[in-house]
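# A closer look at the structure
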Amino acid sequence: MSDPAEGESSADEPPEAVLDELFATIESRKEELPEGSYTASLFTHEKGENAVLEKVGEETTEAILAAKDDDREELTAESADLVYHLLVLFAMKDLDVDDLRAELRERF
Ligand SMILES: N=c1c2ncn([C@@H]3O[C@H](COP(=O)(O)OP(=O)(O)OP(=O)(O)O)[C@@H](O)[C@H]3O)c2ncn1[C@@H]1O[C@H](COP(=O)(O)O)[C@@H](O)[C@H]1O
């Protein structure tokens, strides 16, 4: 991919920029609703917001099971699925990664 908003980061970007890039991609899927996009399908799902809420629940359960199995690789993968779906939920609710950052910072 050549457009940084579509997922590719440049070598001099800090690793934490991935969350902003992912969120920007999610926001653009919400705006453009391209065909074939899994993210877009969550925004237009017949179940409404329940579709993403169910995924958040599922991915949470899968992460818990991976932790109980002591499967660190699976725990990482399921956690990535969970974070992605949480970010879709944020976009759905007109929240932003910055809202999450601000909340965490306030507690620090
Ligand atoms: N990070 C993710 C990401 N993480 C998880 N997923 C999807 O979330 C779903 C997780 O579902 P499951 O783990 O339950 O596996 P499954 O059996 O395929 O799931 P079902 O949908 O069939 O229930 C899968 O379809 C994954 O592809 C993601 N889909 C997209 N992204 C990012 O979003 C960007 C835009 O993606 P599109 O919207 O697809 O263009 C991509 O470039 C990625 O960076």
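Structural data are supplied above this passage.
Residues numbered from 1 in each chain as written. Predicted model: local features only at pLDDT ≥ 70, side-chain atom pairs only at ≥ 80, totals over all residues. Heavy atoms only, no water.

## Some thoughts on the site of the ligand
Leu22, Thr25, Arg29, Ser37, Tyr38, Thr39, Lys55, Glu58, Glu59, Asp81, Tyr84 and His85 make up every residue found near the ligand. Backbone polar atom of Tyr38 to an oxygen atom of the ligand: 3.1 Å apart, as the coordinates give it. One nitrogen or oxygen atom from the side chain of Thr39 is found 2.6 Å from an oxygen atom belonging to the ligand. For the ligand, the accessible surface in isolation is 810 Å², of which the surrounding protein chains cover 52%. (Near = heavy atom within 4 Å. Polar contact = N/O pair within 3.5 Å; in protein donor to acceptor, adjacent residues only side chain to side chain. Areas by Shrake-Rupley, 256 points an atom, 1.4 Å probe, with all protein chains shown as cover.)

## Some words on the packing of helix α1 (residues 17-32) against helix α4 (residues 72-92)
Helix-helix packing is described using two parameters, namely the angle between the two axes and the distance between the axes. At a minimum axis separation of 10 Å, α1 and α4 run at an interaxial angle of 50 degrees. If you check the angle between α1 and α4, you find them oblique. Handedness of the α1/α4 crossing: right-handed. Contacts between α1 and α4 pair Leu19, Leu22, Phe23, Ile26, Glu27 and Lys30 from the former with Val83, Tyr84, Leu87, Val88, Phe90 and Ala91 from the latter. Taken together, the residues of the contact of α1 with α4 break down into 10 nonpolar, no polar and two charged. (Axes fitted to C-alpha atoms, helices over the stretch in contact; angles between N-to-C directions. Helix = DSSP H or I, 4+ residues; strand = E, 2+ residues; numbered from the N terminus. Parallel < 35°, antiparallel > 145°, perpendicular 65-115°, else oblique. Left-handed = near helix turned anticlockwise from the far one by under 90°. Contact = heavy atoms within 4.5 Å. Nonpolar A, V, L, I, M, F, W, Y, C, P; charged D, E, K, R; others polar.)

## Side note on helix α3 (residues 49-68)
Over its 20 residues, α3 runs 29 Å from end to end, which matches the ideal 28 Å to within 8%, given 1.5 Å per residue. Here α3 has its buried residues at Ala51, Val52, Val56, Glu59, Ala63 and Ala66. Looking straight down α3, one finds its buried side chains confined to an arc of 135 degrees; they lie on one side. Residues of α3 that are exposed and point more than 90 degrees away from the buried face comprise Leu65 and Lys68. Positive phi appears at Asp70, one or two residues downstream of α3, with a value of about 60 degrees. (Expected span 1.5 Å × (residues − 1). Buried < 20%, exposed > 50% of the residue type's maximum accessible area, 1.4 Å probe, protein only. Arc of directions from axis to C-beta.)

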